[in-house]
Amino acid sequence: MGFLDALLGRSKPVRPDLDQLFAVPGAALTLEAGAGFTPTGLGSVCFAGVEGGAFDRLRDEVRELLDADAGRAGGGDPVAYSRDTYGYTWLLVRHPAGEVVSLVNDLHAVNTLLQEAGFGPHLLCSLIGFRHPRDGRELALVYLYKRGTFYPFAPLPSGGERRDNALEIQARALLGDDLRIEADLARWFPVWGAPGLAADS
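Because the structure is a prediction, the values reported are computed rather than measured.

Basis of the calculations
Per chain, residue numbering runs from 1 following the sequence as it is written. Local features in a predicted model are, by the rule used here, given only for residues with pLDDT of at least 70; side-chain atom pairs are given and counted only at 80 or more, and totals for whole chains, interfaces and linings are based on all residues. Each side-chain value is derived from all of the structure's non-hydrogen atoms; neither hydrogens nor water enter the calculation. Secondary structure elements follow DSSP: runs of H or I no shorter than four residues count as helices, runs of E no shorter than two count as strands, and numbering proceeds from the N terminus. A 1.4 Å probe rolled over the protein chains alone gives each residue an accessible area, and that area as a share of the maximum for its type sets the label: buried under 20%, exposed over 50%, partly exposed in between. By definition in these notes, contact holds between two residues if any of their heavy atoms fall within 4.5 Å. Salt bridge, as used here, is a side-chain nitrogen of Lys or Arg placed within 4 Å of a carboxyl oxygen of Asp or Glu. Helix span, expected: 1.5 Å multiplied by one less than the number of residues in the helix. Here, the arc refers to the directions that run from the helix axis to the C-beta atoms. Strand pairing is assigned whenever DSSP detects at least two bridges linking the two strands. All axes here are fitted lines through C-alpha atoms, helices being fitted over the stretch that makes contact, and every angle between N-to-C directions spans 0 to 180 degrees. The sense of a crossing depends on the near helix, which, turned anticlockwise from the far helix by less than a right angle, makes the crossing left-handed and, turned clockwise, makes it right-handed. Residue type decides the class: Asp, Glu, Lys and Arg count as charged, Ala, Val, Leu, Ile, Met, Phe, Trp, Tyr, Cys and Pro as nonpolar, and the leftover types, Gly among them, as polar.

Participant: Could you clarify how one ought to interpret the overall build of the protein chain in this entry?
Facilitator: The helix and strand tally for the protein chain stands at five helices and six strands. Overall, the protein chain shows an N-to-C arrangement of helices and strands of α-α-β-α-β-β-α-β-β-β-α. Residues classed as buried in the protein chain amount to 43% of the 201 residues present. Partitioning the contacts of the protein chain with sequence separation of at least 6, the portion at a separation of at least 24 is 64%.

Put into structure tokens, the structure is as follows:
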């Protein structure tokens, strides 16, 4: 960062570090021990602005990549695609609930493929879903690609677009030693109905 940038208050963007995703399995153990939340086996990647033939090629490459994953059990499409009301595309990856390491490996591989294919500027976030087995509450760990940080997102189970702020703050306190937590709360964006979070994803 140059002198002029410092003078004008501009900051250099954080270089994306996808290897931060590999800290999630350890964070999952902390989250289960401290708050009782367990991984659902669902995770997703969100990106913007890929259309037409480029999207078709990307979809084929992702399917081929995940089909080649020797650890994947069962048949069917390894990834599901959807588009939200803002026009962002979500790739949902499913694994058995206990296989958080395999899920993270797949999410890392998909992000890396997108980045190497030139779609890095379009990547927004990755999400890993958790649930409390007793009361069904949901929690997501959201990785912000351009910030290199995580934040917890917890929708209230009563429905509607309301968050469980107390749970999010609790998760932040629990995971501070495991993950690089986003310090700016204004960047803890809600991801209502995101694939990988909802029970029926």
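Text resumes after the structure shown.
Participant: Even after reading the chapter, I still don't get the pattern of salt bridges, so can you show me in this structure?
Facilitator: Opposite charge on two side chains lets them pair, provided their charged atoms get close. One pass over the structure, following the stated rule, counts seven salt bridges. A salt bridge links Asp135 to Arg137, with the shortest nitrogen-to-oxygen separation between them at 2.8 Å. According to the relative accessible area criterion, Asp135 is partly exposed, its value standing at 42%. On the basis of relative accessible area, Arg137 is assigned to the partly exposed category, the value being 22%.

Participant: Can you help me understand helix α2 (residues 24-35) in this one?
Facilitator: Each α-helix turn comprises 3.6 residues. Residues three or four places apart therefore point the same way. For α2, which comprises 12 residues, the first-to-last C-alpha distance of 15 Å matches the rise-based estimate of 16 Å (1.5 Å per residue) to within 8%. The complete set of buried residues in α2 reads Val24, Pro25, Ala27, Ala28, Leu31 and Ala35. End-on, the buried residues of α2 take up no more than an arc of 155 degrees, which puts them together on one face. Within α2, the exposed residues directed more than 90 degrees away from the buried face are Leu29 and Ala33. Buried positions along α2 lie against β1 (38-47), α4 (100-119), β4 (123-131), β5 (138-144), β6 (149-153) and α5 (165-175). Positive backbone phi, at 85 degrees, marks Gly36, one or two positions downstream of α2.

Participant: Honestly, the sheet that holds β5 in this entry has me stumped. Any pointers?
Facilitator: Two pairing modes exist for strands in a sheet, parallel and antiparallel, and in both the strands are linked by backbone hydrogen bonds. Overall, antiparallel pairing links the six strands, which are arranged β2-β3-β1-β4-β5-β6 in an open sheet. The open sheet terminates on both sides in strands that have one partner only, identified here as β2 (79-83) and β6. On average, each strand axis in the sheet is inclined to that of its neighbour by 25 degrees, with strand direction left out of account. Set on the sheet, helix α3 (residues 52-67) makes contact with β1, β2 and β3 (89-94); between it and β2 the angle comes to about 150 degrees.

Participant: Which parts of the structure should I look at to understand the packing of α3 against α4?
Facilitator: The relative placement of two packed helices is expressed as an angle between their axes plus a distance between the axes. In the contact formed by α3 and α4, the axes pass within 10 Å of each other and the chain directions differ by 145 degrees. In this structure, the crossing between α3 and α4 has a hand that is right-handed. Contacts between α3 and α4 involve Ala54, Leu58, Glu61, Val62, Leu65 and Leu66 from the first element and Asp106, Ala109, Val110, Leu113, Leu114 and Phe119 from the second. Looking at side-chain class alone, the contact of α3 with α4 contains 10 nonpolar, no polar and two charged residues.

Take it as geometry only, folks, not as evidence of what the structure does.
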